[in-house]
Amino acid sequence: MREKSVEALSEKEAAAELARLAQDIARHDALYYSKDAPELTDAEYDGLRRRNAAIEARFPGLVREDSPSLRVGAAPASSFGKVRHSVAMLSLDNAFDAEDARAFVARVQRFLNLDTPPAITAEPKIDGLSASLRYENGRFVQGATRGDGREGEDVTANLRTIKDIPQRITGAPAVLEVRGEVYMEKAAFAAMNARLEAEGKQAYVNPRNSAAGALRQLDAKITATRPLRFFAHGWGELSEPLAETQFESMARLKKMGFPVTPAMIRADNAEQLLAAYQQILEGRPSLAYEIDGVVYKVDSLALQQRLGFVSRSPRWAIAHKFAAEQQTTTLEAIDIQVGRTGALTPVGRLAPVFVGGVTVTNVTLHNADYIKGVGADGAPIRGGKDLRVGDTVVVQRAGDVIPQIVDVLLEKRAKGARKYQFPEACPVCGSHVARELEPGEEGVIARCTGGLNCPAQAVERLIHFVARRAMDIEGLGQKQIEEFYELGWVKEPADIFRLSDHRDELMTREGYGEKKRRQPACLHRCAPRARIRALSLWPRHPRHWRNHGWRFGAPL
Ligand code: IVH
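Description of the structure in this document. Residue numbers run consecutively from 1 along every chain, following the written order of its sequence. Only residues with pLDDT of at least 70 are given local features in this predicted model, and only at 80 or more are side-chain atom pairs given and counted; all residues enter the totals for whole chains, interfaces and linings. Values shown for side chains rest on all heavy atoms present in the structure; no hydrogens or waters enter the calculation.

Once that is clear, we can look at the site of the ligand. Here a residue is considered near a molecule or strand provided that any single heavy atom belonging to it is located within 4 Å of it. Around the ligand sit 15 residues in total, of which Glu-123, Ile-126, Ser-130, Arg-146 and Glu-181 are the nearest. Interatomic distance of 3.4 Å between a side-chain N/O atom of Lys-125 and an oxygen atom of the ligand. A 3.5 Å cut-off defines polar contacts: any pair of N or O atoms within that distance qualifies, except that in protein one atom must be a possible hydrogen donor and the other a possible acceptor, and neighbouring residues in sequence count only when both atoms are side-chain atoms. One nitrogen or oxygen atom from the side chain of Glu-181 is found 2.7 Å from an oxygen atom belonging to the ligand. Calculation of accessible area relied on Shrake-Rupley with a 1.4 Å probe; when residues are assessed, cover is drawn exclusively from the protein chains displayed. Protein burial of the ligand: of its 520 Å² of free accessible surface, 88% is covered by the chains. Runs of H or I in DSSP of at least four residues are treated as helices and runs of E of at least two as strands, each being numbered from the N terminus. Breaking the shell around the ligand down by element, the ones donating at least two residues are β3 (120-126) and β10 (291-298). With four residues, β3 is the largest single contributor of residues to the shell around the ligand.

Take a look at the structure:
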C-alpha cells in the first residue's frame, strides 16, 4: 500500500495504522527475538518503529496499550522460567548519521540546561543479545535474557557455561546486576556453522542469530558446546553505586573480572564523539566480532539520572548505527517468476558477492517500476536510475536479511545496454499480462491472465496446497510436485489423492522406495505426529476426512 504522509492521516486512519503497526512490529519482534529468524532488515524494522512513533507524536490520544513504543522486544518463550527484571532492561534510540548524533548532544545539553555539552562516552555496539547477570554477595545467582524488557527468560544454567562470565567476584556491592552482550566471534561462528552443515544440520545466518540460538537452548549442555562470549556494557540493580561516572563504573567492572566493551573513550563534544565513531568504524573489519554501531552515553551518573528515560530508551544514551554494508557486482540477468496468483516478480541474478556476512546471488526487483527506478510511492529510487542487464550495481545487505540493489554505476554501463522490457506475455504460458493496482498490495502488479492454464500458477498453487501452512502433506514438497506435474500425474489437488494409480511407476523412479510407502496409523493429525502421507499411496475413505476434518491453515 502506498504510505500516506503522517500529516495527511485522518484520526481514523491513524488509529487503524497504529493497530496494524502494533501487530506487525510484534510479529517481527517475535521473529527476531524468539525465533531468531528475522524477515526485515534492521532499516526496514526501524522504519516501522519510526512511523509508529511519528503517528503517536501527532495523535498522542491514540497511543495503544499494546503500543510497540511502550515495550522492547518480544515476550519470553514459555519453556524457560521467567525472571522479572528489578530494573527494566531497556533499549537504545538510534542515530543514523552525524546530524542525528549532533542532535543527541544538543538535546542532552538543552535538557540539562548547560552552557557546554557534558562529557559523553563512546564505545562499540556489540552485535549480540543482551543478558543480565545477578550477583549476590559476590556469587553469580541468576542470569536472564532481556525478553520484553520487564520480564526475561531464566537462562542461568546456559550463562554459567560461558567462560567470560565469572561465577564468583570480589570487591562488588552485595547486589550487583551486570548487563552486557552475549555474542559469538566471527571465526568461531564460521567453524561452528561448518560443523553443523557437515552434520547435515541447519546452519545459522549470522553470529548474532547463532548466539541467540545457543543461549536459548533448553539443554545447557548444548550451549556449552557453542563458542559464546560476553562483554559487559552496564548494570541493573545495585545495592550501592559502582562509581560516579559510566567510565569509572566500567573500569570497576573490569577490575572485578568482567570483559568490558573495549575502546571506550570520553568526549567533550559532538565532534570528538564523531571522531571516535570514525575510528571505531575503521577498526571494525579487524575486530574478531561483529559490531553494528557506536553507543554514546552521558558519562556522569548523576546527569544520567536527571535525564531519565522516554518510553523504551534512556535519554542519556543513543546508538549511532553503521550504514549497511555495500558491495558492487554485476547484474547478470533479470528473470521473471510467476507466483501462485499469477503475479510476475522480476528477480535479479547477480555475480555472487559477499556482503553483510553472506554470499548474495539473487535480489528481488519487486516490479516493473522498481526496475525503472520508481518506488512504491511514485518517488524516484536509486536517484531514478533504471536497471539494465550487465549493469554494475551496488548491493546492500542491512543488518541481516533481504539484500537489495541500492545504486547503479552509470559510468560502468556498457554502451549498447538496453532498457529492460517488462514482458507483456507470461514467460511461462504466453498469456497476456495485465497490470493492476490493488488496494493493500504494493505498487503496480503485473499478472499472468492464464489462471490454472499457466503451468507456473498451477504448480505454485499445488505447492501451496501441500505446504505446512495449508494441508501439511508430509513427503510431498516443491520438488515432488514439480516432478509429478511434469509427468502429468498431478494437475490439481484432487490428483494428489489418486497418486496410487501411479504406484508401480513411481516405485521405479529414483528416490521413491519402500520407506516412503510406510502407512501411518492415520492420515491426518489423528495421532500426535501422524500427518497426511500422500506418498503412502493409500487414499483414505471419505469418511476419514469427515471425521477428522480438513483444516486449512491458509486459504488456497
Ligand atoms: S547500553 C538502556 N552499550 O544494544 C540500555 N548497549 O539497541 C543501555 N548493546 O539492549 C544499553 N552494545 O543489548 C549498551 N556498548 C553497548 C552495547 C549495547 C550492544 C545492545 C544492548 C541494548 C541494545 C540496544
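On to the pattern of salt bridges. Basic side-chain nitrogens of Lys or Arg form a salt bridge, by our definition, when they fall within 4 Å of a carboxyl oxygen of Asp or Glu. Inspection of the entire model under this criterion finds 29 salt bridges. Each of Arg-134, Glu-136, Glu-177, Arg-179 and Glu-237 takes part in salt bridges that share partners, so that together they form one network.

To summarise the sheet geometry, strands pair through backbone hydrogen bonds and adopt either a parallel or an antiparallel arrangement. When DSSP finds two or more bridges between a pair of strands, those strands are recorded as paired. Strand order in the open sheet made by the five strands is β16-β15-β14-β17-β18, with antiparallel pairing throughout. Of all strands in the sheet, those bounded by a partner on one side alone are β16 (358-364) and β18 (404-408). Direction aside, the axes of adjacent strands within the sheet are offset by 40° on average. In this sheet, β16 lies alongside strand β15 (residues 344-355) in antiparallel orientation, the contact comprising six bridges. Residue pairing across strands places Val-353 opposite Val-360, the latter belonging to β16. The angle between two axes is taken between their N-to-C directions and runs from 0 to 180 degrees, where each axis is a line fitted to C-alpha atoms and a helix contributes only its stretch in contact.

Attention now moves to the packing of helix α3 (residues 98-112) against helix α9 (residues 270-283). Where α3 meets α9, the axes come as close as 9 Å, and the angle between the chain directions of the two elements is 140°. In terms of axis orientation, α3 runs oblique to α9. Handedness of the α3/α9 crossing: right-handed. The residues of α9 that touch α3, namely those facing Ala-98, Ala-101, Arg-102 and Val-105, are Ala-270, Glu-271, Leu-273 and Leu-274. When residues are sorted by character, Ala, Val, Leu, Ile, Met, Phe, Trp, Tyr, Cys and Pro go into the nonpolar class, Asp, Glu, Lys and Arg into the charged class, and all the rest, Gly among them, into the polar class. Residue classes in the contact of α3 with α9 are distributed as six nonpolar, no polar and two charged. If an angle is under 35 degrees, it is roughly parallel; if it is over 145, roughly antiparallel; if it lies from 65 to 115, roughly perpendicular; otherwise it is oblique. Throughout, a crossing is termed right-handed when the near helix is turned clockwise from the far one, and left-handed when it is turned anticlockwise from it by less than a right angle. In this description, contact between two residues means that some pair of their heavy atoms is separated by no more than 4.5 Å.

Next up on the list: the sheet that holds strand β8 (residues 228-238). The antiparallel open sheet is built from four strands, whose spatial order is β5-β4-β7-β8. The open sheet has two edge strands, β5 (139-145) and β8, and neither has a second partner. Here the strands of the sheet are splayed against their neighbours by 30° on average, with no regard to which way each runs. Here strand β4 (residues 129-136) runs beside β5; their pairing, made up of six bridges, is antiparallel. When the sheet's bridge partners are listed, Tyr-135 is paired in β5 with Phe-140. Where helix α6 (residues 207-215) meets the sheet, it contacts β4, β5, β7 (175-184) and β8, and its direction lies at approximately 125° from that of β7.

A separate point is α9. For α9, built from 14 residues, the straight-helix expectation of 20 Å at 1.5 Å per residue is met to within 8% by its first-to-last C-alpha distance of 20 Å. For the exposure calls, accessible area comes from a 1.4 Å probe over protein chains only, and a residue counts as buried if that area is under 20% of its type's maximum, exposed if over 50%, partly exposed in between. Turning to α9, its buried residues are Ala-270, Leu-273, Leu-274, Ala-276, Tyr-277 and Ile-280. Projected onto a plane normal to the axis of α9, the buried residues spread over an arc of 155° and lie on a single side. Residues of α9 that are exposed and point more than 90 degrees away from the buried face comprise Gln-279 and Glu-282. Against α3, β3, β9 (265-267), β10 and β13 (317-321) lie the buried residues of α9. Structurally, the start of α9 carries an N-cap: the backbone nitrogen of Glu-271 is 3.2 Å from a side-chain oxygen of Asn-269. Take the residue count of a helix, subtract one, and multiply by 1.5 Å to get its expected span. The arc in question is traced by the directions running from the helix axis to the C-beta atoms.

Let us now look at unusual backbone geometry. Peptide bonds are, in most cases, trans, and in most cases residues other than glycine have a negative phi. Even without being glycine, Asn-113 reaches a positive phi, approximately 60°. Along the chain, the position of Asn-113 falls in the loop between α3 and β3. Take Asn-113: its relative accessible area is 69%, and that puts it in the exposed class. Of note in the backbone geometry, Asn-137 takes a positive phi value of approximately 50° without being a glycine. Tracing the backbone through its elements, the reader meets Asn-137 in the loop between β4 and β5. Judged by its relative accessible area of 65%, Asn-137 is exposed.

By themselves these figures say nothing about function.
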